[in-house]
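Next come the chains, spelled out residue by residue.
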Amino acid sequence: MDGLDGPVLDVAPRLLGAELTSDLGGERVAVRIVEVEAYAGEGQDPASHAHRGRTRRNATMFGPPGLAYVYFTYGMHWCLNVVTSPPGTGAAVLLRAGSVVHGLEAVRRRRARPDDRVPADRDLGRGPARLTAALAVTGEQDGLDLLDGSGPLRLRLAPTSQERVEAGPRVGVGAAPSRPWRFWLADEPAVSAYRAGGRRRTR
DNA sequence: CATTTGATGTACT
DNA sequence: GTACATCAAATGG
């Protein structure tokens, strides 16, 4: 069971402490995953992209464990998930935050603002879209295998973690808001801020 | 500090 | 039309 094909609530916390290496954008960057969220498969989780079955966008979720599911959100950001269930199921784990352990200078360049100001180190990968920006991940990586060691994105699971894991509700999720399916490493400064889901006033 | 809002594409009702 | 697994700037106290 070094694989990722168990129940998503078991697999998600096991991704904490994993190291994700990217050779995208011509530079090597590695992060240590410190925060994740579980999304269950078709018909089991109203907040999951897989809830209503397979579509073009979520097709990768229904592939085998270890694939990268990358989606575009809010018109400008990419988010990266790891598929964790057998083909046809649709469960995945969103990688929500990581701390940079290699390639800090490259990440600072990538995350620099238009006015050249650079976020504090702890903020470089703090949030799902910040994490993909740090790693130079885009939709082109959707469907890549993260576990076979052959591609530009490689995930190496941590040995049995001895760190304290905490759990709470998922961030920004309106449907099924009470499920404590977000997991993070205690005392990690790169864990993102909680924000309740739900509607913003429309205008 | 906390809270609100603009940016911007896609999926769905 | 409206919501959305978001971020950063702007605004208010």
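Relevant structure appears above.
Summary of the structure given here. (Residues numbered from 1 in each chain as written. Chains lettered and ligands numbered in written order. Predicted model: local features only at pLDDT ≥ 70, side-chain atom pairs only at ≥ 80, totals over all residues. Heavy atoms only, no water.)

## A look at the environment of Gly 25
With respect to the helices and strands, the residue Gly 25 is situated in the loop between strand S1 (19-22) and strand S2 (29-39). Along the sequence, Gly 25 and Asp 187 sit 162 residues apart, while their C-alpha atoms lie 31 Å from each other. Discounting residues that sit within four places of it in the chain, Gly 25 has contacts with Arg 110 and Ala 136. (Helix = DSSP H or I, 4+ residues; strand = E, 2+ residues; numbered from the N terminus. Contact = heavy atoms within 4.5 Å.)

## Examining the environment of Val 31
Residue placement: Val 31 occurs in strand S2. Exposure remark for Val 31: the relative accessible area of 1% places this residue in the buried category. Considering only alpha carbons, one finds Val 31 and Leu 135, 104 residues apart in sequence, at a separation of 8.2 Å. With near-sequence residues (within four places) excluded, Val 31 lies in contact with Ala 18, Glu 19, Leu 20, Gly 98, Ser 99, Val 100, Val 101, Leu 131 and Leu 135. (Buried < 20%, exposed > 50% of the residue type's maximum accessible area, 1.4 Å probe, protein only.)

## Some points on the protein's contact with DNA strand C
The local shell around DNA strand C holds 22 residues, among which Tyr 71, Asn 81, Arg 111, Arg 130 and Arg 195 are the closest. Of what DNA strand C places within 4 Å of the protein, 57% of the atoms are sugar or phosphate. For DNA strand C, a base nitrogen lies 3.2 Å from a polar atom in the backbone of Ala 47. In this structure, a base nitrogen belonging to DNA strand C sits 2.8 Å away from a side-chain N or O atom of Tyr 71. Elements with a contribution of two residues or more to the surface near DNA strand C: strand S4 (77-83), strand S5 (92-102) and helix H3 (128-135). (Near = heavy atom within 4 Å. Polar contact = N/O pair within 3.5 Å; in protein donor to acceptor, adjacent residues only side chain to side chain.)

## Topic: unusual backbone geometry
In this structure, Asp 116 is a non-glycine residue whose phi angle is positive, near 75 degrees. Tracing the backbone shows Asp 116 in the loop between helix H2 (104-110) and H3. Positive phi values are uncommon outside glycine, yet Ala 176 reaches one of about 50 degrees. Tracing the backbone through its elements, the reader meets Ala 176 in the loop between strand S7 (165-168) and strand S8 (182-185).

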